[in-house]
Amino acid sequence: MTGHDDKQWQPRELIASFLHDLRFAIRSLSRAKALTATVVLTLALGIGANAAIFTLVRGVLLRPLVNRDEDRLVYIQQSARGMGADNVAFSVPEIQDLRAGVKSLNAFGEFSTIGFTMVGLGDPREVRAGVVDGSFFEVMGLRPVLGRLLNKQDDGPNAAGACVLTHRFWTTQTKSDPSVLGKTIRLGTRSATIVGVLEPAIPYPAETELIANVVTSPHHLSATMVTGRVHRMTELFGRLAPGANLDSARAELRVVYGSMLKQHSEAYSPKADFQVNALLLRDQITSRARTVLLVLLGASILMFVIACSNVANLILARTVRREGELCTRAALGATTRALRQTLLAESLVLCGAGAVLGVVSAAPMLAVLAQYASRFSVRALDLTVDSSILWVGAILAVVAAVALAFVPRLPSGDTSRGIGQSSGSVRITGSANRRLRAFAVTQIAASFVLLAGAAMLINTLIALQSTQTGFDTRRVLTVSVPVMSYGKTPEQVLNFYKESIRQISALPSVDGVALGTFMPWRDGGNFGPGFSFTAEGRVPAPGEEDPRARFRTVSPGYFSSLGVPLIAGRDFNESDHKTSEQVVIVSQSLAQRMFPNQDAINHHLTWTDPVMKFIEVGTEPRRIIGVTADVDDENVVPGPSFAVYHPFSQEQLWAGNLFIHTRGNPYSLISPVTRIIRSMSADQPVERAATLEDIRTEVLSPDRLNTLVFGGFAAVALAIAVVGVGGVLAFSVSGRTREFGIRLAIGSQPRHLVMGVLTQGAFIAGVGIVAGAVGGYVLATLAGSYVPGLRMPGAVPVAGTVGVLLAAALAASLAPAARAARVDIIQALRSE
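Residues numbered from 1 in each chain as written. Predicted model: local features only at pLDDT ≥ 70, side-chain atom pairs only at ≥ 80, totals over all residues. Heavy atoms only, no water.

Caption draft 1: Seen up close, the pattern of salt bridges. The tally for this structure, following the rule as stated, stands at 32 salt bridges. Across the pair Asp472 and Arg475 runs a salt bridge whose closest N-O atoms are separated by 3.2 Å. Overall, the relative accessible area of 19% leaves Asp472 in the buried class. Here Arg475 falls in the partly exposed class, since its relative accessible area comes to 40%. Put simply, Glu544 and Arg538 hold a salt bridge, and the shortest N to O gap is 2.8 Å. One connected set of salt bridges, linked through shared partners, spans Arg550, Arg552, Asp632, Asp633 and Glu634. (Salt bridge = Lys/Arg side-chain N within 4 Å of Asp/Glu carboxyl O. Buried < 20%, exposed > 50% of the residue type's maximum accessible area, 1.4 Å probe, protein only.)

Spelled out as structure tokens, the structure:
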């Protein structure tokens, strides 16, 4: 190619010239198969990861909701951060006050999450349902795909029971059977007719199998629910009135809410710090996933930077090796523009091939990442590959190609001022060497950020997994056997569980069976921060509020079945029944706090929380008969536990979980346990059998997935960075062959050359680590104001990352160092 820049090019001539350069680039790259394959694979990795993650972020955070006029759909949030509750549901009286006082919202919809035992649609099962008022679907702007949705005609205590199936439940459990429309099913004690199927929509505020009207839930019709201001179990949605915006609605809500706090001060503890807020529904839905996805997007961008830096090194090295060719073309009249166009054509060929391979690999990446993201947002479950992956891949390819085309410094017509021709050896100029090192440092710096983050997650996961729970997690099988209230009195329910325990205890290899209303970890957070109580002899300080404790109902043998030791007193037994003295067992931390320097046994405590009257728990004093070791059944990271255990014969049962301690394989008991339960009640669900160890693993799965995903990013980044450092040093050694030969000829020891190359590798790694630490700190500080919850890695993860990168850099330096020590003196001196 010659200096065709000297004349004005017409578009057709420009295209023809560029096509010629593309053909030349393909022929040239076909002769460098190893380099081409390495560049294409590296770019494919960076482009594919970014395309998949951008599609994920777009689908979860940016994709419009199916809800009509979503920009006017508001989620109303109550919080009590003084009690550690960021989102507290509303009570019926609170909702009534807001409906009456807030005019900037012209419609409200109510949603309560409740569990039903469903009979009549396949096997008996426990379902998670939403109970809504008649305006809910209208406010939410949703439509049916079959039948109709609930409306205001379905409101009121005299309405017929009706329910709507969610689309996911309809497609997965009934195989999209249209004949379900009009079927009558039993939900707990009430019947309901299936009137419709909801369109695919975000299941917020809870993922449910069906949504029913209020009359299906006797509790929602009770006086305690309707009149209890502190009986909070309803989520609230609203629609902005014409002319209103979110700020005006939020301001008006806070004024009305402030008036509520003053008028009903007894229901709002000053310490709890009750507040109200309004958010667009979209923002509320994505709030939990936003931090994770933005951090993931940042990690993918770092991956792209690392990949491009590594490719830039390869391109620069190739250009230096082609200096003879480029200088010759420059001497023959090729302008810088013509040479740059040649390099751009090569970059486009490489990046285009990388983009195609990246887009192909993005689909399986997206499938894996969507499963990961579904832990934080249900929106990720419905993601599919669409055209966005194609244009993201194309944009990244063009950006990479243009950047890579301008990496090398080109010769001019005056070769004495350019790179300079050589007679066969590779001569690296100071400028090329600095660029090579700069790209290697960039790779190390970006790898440091990813590795430090992954090391922090690994450190956290190890700490979580190694934490002692206080339970015998491996040998305890848990089975959910929900309370069957249909046609059964409380006495019949109690006898059912007692007989179940008796029969299961007789099975071979079973050491103990007990019942509890709370499933450790899986039910964490279901009952808020606990209930207030007072203890005998306790005199609170002025302004001090009553402490709070977890309320648990268990059967005799519960502590021995779960491997929890009793420290003092006795366990519950058959003498602790409805008509006997009210007794409790308390945790060790509670006993020490309430009765310091004395024995808690035979002292009394009393529930003072106003919620107790709504869940039918008496407020009479209860005698402490035992003290048990602390076990934190709420949090995977155990803390001091304030817990009060009640005998199941003295309290109403609202949930049933069997805990079976066995000497053998816990899962071998599922079939015989199911047969025993079903033989006693054919309509009784028996579900979610798992060991306590597996339940804890299930709860820890988001942390494990975080570690795997970011650990995978970090491992790939480290591999690319190691290749980059090794390539830089190998190229440096090849360019210094004559120097090494002269040094050996005048008596330098090979080990000195080895140490020099290793020191060079360590220096590149050190500079990269410092740059990564500084850059990572600055980025984290800046991102912290936009991404809440972002944490800095501690000293251990940072130290581990430094060690890994230095070791990797030295390992990458070994091969080039060994080659430097084996330089043939005669050949090196003849190289010029």
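Caption draft 2: Quick peek at the packing of aromatic side chains. This model, assessed by the stated rule, comprises 17 aromatic pairs. For the ring pair Tyr75 and Phe237, a centre distance of 5.4 Å and an interplane angle of 65° mean the geometry is edge-to-face. Here Tyr75, found in strand S1 (residues 73–80), pairs with Phe237, found in strand S10 (residues 235–240); they are 162 residues apart in sequence, far enough to count as distant. Assessed through its relative accessible area of 0%, Tyr75 is described here as buried. Judged by relative accessible area, Phe237 falls into the buried class, the value being 0%. Members of the aromatic cluster, joined through ring pairs, are Tyr75, Phe111, Phe136, Phe137, Tyr204 and Phe237. The ring of Phe518 is capped by Arg552, whose NZ or CZ atom sits 3.7 Å from the centre of that ring. (Phe/Tyr/Trp six-rings, centres within 6.5 Å; stacked < 30°, edge-to-face > 60°. Helix = DSSP H or I, 4+ residues; strand = E, 2+ residues; numbered from the N terminus. Lys NZ or Arg CZ within 6 Å of the ring centre and 35° of its normal.)

Caption draft 3: Representation of the packing of helix H14 (residues 490–505) against helix H17 (residues 670–680) within the structure. Here H14 crosses H17 at 145°, and the two axes come no closer than 10 Å. Considering the relative orientation of H14 and H17, their crossing is right-handed. Residues Phe496, Glu499, Ser500, Gln503 and Ile504 of H14 form the contact with H17, whose participating residues are Val673, Ile676, Ile677 and Met680. Split into classes, the residues belonging to the contact of H14 with H17 amount to six nonpolar, two polar and one charged. (Axes fitted to C-alpha atoms, helices over the stretch in contact; angles between N-to-C directions. Left-handed = near helix turned anticlockwise from the far one by under 90°. Contact = heavy atoms within 4.5 Å. Nonpolar A, V, L, I, M, F, W, Y, C, P; charged D, E, K, R; others polar.)

Caption draft 4: Examining the state of the cysteines more closely. According to the stated counting rule, one finds zero disulfides in the structure shown. As a non-bridged cysteine, Cys351 has Cys308 as the owner of its nearest cysteine sulfur, 7.0 Å distant. (Disulfide = S-S within 2.5 Å.)

Caption draft 5: Looking closely at a nonpolar patch on the surface. Taken together, the side chains of Val770, Val774, Tyr777, Val778 and Met792 define a hydrophobic patch exposed on the protein surface, amounting to about 480 Å² of accessible area. Within the secondary structure layout, Val770 lies in helix H20 (residues 750–784). Classification of Val770 as exposed rests on a relative accessible area of 53%. (Patch = residues over 30% accessible without salt bridge, like charges linked within 9 Å, V, L, I, M, F, W, Y side chains within 5 Å. Areas by Shrake-Rupley, 256 points an atom, 1.4 Å probe, with all protein chains shown as cover.)

Caption draft 6: Representation of helix H2 (residues 33–62) in the model. Along its 30 residues, H2 runs 41 Å from first to last C-alpha, staying within 8% of the 44 Å computed at 1.5 Å per residue. H2 sits mainly inside the fold: 21 of its 30 residues count as buried. (Expected span 1.5 Å × (residues − 1).)

Caption draft 7: Fine view of the confidence of the model for the chain. Within the chain, residue pLDDT values average 83, and 87% of them lie at 70 or more. The model gives residues 1–7 a pLDDT under 50, and that stretch makes 21 contacts with residues more than four places away or in other chains. (pLDDT = per-residue confidence, 0-100.)

Caption draft 8: Spotlight on the nonpolar core. Formed by 66 residues in total, the largest nonpolar core has its most connected members in Leu43, Leu56, Val60, Leu293, Leu296 and Leu450. At the level of elements, H2, helix H9 (281–321), helix H11 (336–373), helix H12 (387–405), helix H13 (430–466), helix H18 (692–735) and helix H21 (795–821) are the ones that each hand at least two residues to this core. The residues touching Leu43, leaving out its near neighbours within four places in the chain, are Gly48, Cys308, Val311, Leu350, Cys351, Gly354 and Ala400. Among the nonpolar cores identified, the runner-up in size contains 49 residues, and Val74, Ile76, Met594 and Val644 belong to it. (Core = buried A, V, L, I, M, F, W, Y, C linked by side-chain atoms within 4.5 Å.)

Caption draft 9: Local environment of the environment of Gly243. Here Gly243 shows up in the loop between S10 and helix H8 (246–263). Separated by 139 residues in sequence, Gly243 and Ser104 have C-alpha atoms that sit 8.3 Å apart.

Caption draft 10: Layout of unusual backbone geometry. Residue Pro205 follows Tyr204 across a cis peptide bond; omega there is 15°. Structurally, Pro205 is set in the loop between strand S8 (190–198) and strand S9 (210–213). One non-glycine residue, Asp69, lies in positive phi territory at about 50°. Taking the relative accessible area as the measure of exposure, Asp69 reaches 42% and is therefore partly exposed. You will see that Asp273, though not glycine, has its phi angle at about 60°, which is positive. Inspection of the secondary structure assignment puts Asp273 in the loop between H8 and strand S11 (274–280).

Caption draft 11: Layout of H14. The end-to-end C-alpha distance of H14, which contains 16 residues, comes to 23 Å, matching closely the 22 Å that a straight helix rising 1.5 Å per residue would cover. Burial in H14 covers these residues: Val493, Leu494, Phe496, Tyr497, Ser500, Ile501 and Ile504. End-on, the buried residues of H14 take up no more than an arc of 155°, which puts them together on one face. In this structure, H14 carries Glu491 and Arg502 as exposed residues pointing more than 90 degrees from its buried face. (Arc of directions from axis to C-beta.)

Caption draft 12: Expanded view of the pairing of S8. Across three bridges, the pairing between strand S5 (residues 144–147) and S8 is antiparallel. Along S8, the bridge assignment pairs Pro144 with Leu198. Of the strand pairs in this sheet, strand S6 (residues 162–165) and S8 are connected by four bridges, and their pairing is parallel. Across the sheet, residue Val164 finds its bridge partner in S8, namely Gly196. Where strand S7 (residues 184–187) and S8 come together, four bridges link them in antiparallel fashion. Residue Arg186 lies in a different strand from S8, and its bridge partner there is Ser191. In sequence, S7 turns back onto S8 through a hairpin of two residues, with Gly188 there showing a positive phi of about 65°. (Pairing = 2+ DSSP bridges.)

Caption draft 13: The side chain of Ser112, seen in detail. Mapped onto the elements, Ser112 comes out in strand S3 (residues 105–119). In this structure the side chain of Ser112 is engaged in a polar contact, spanning 3.2 Å, whose partner is the side chain of His220. A distance of 2.9 Å separates polar atoms of two side chains, one belonging to Ser112 and the other to Thr234. What Ser112 contacts, discounting residues up to four positions off in sequence, is Ala129, Gly130, Val131, His220, Met225, Met233 and Thr234. (Polar contact = N/O pair within 3.5 Å; in protein donor to acceptor, adjacent residues only side chain to side chain.)

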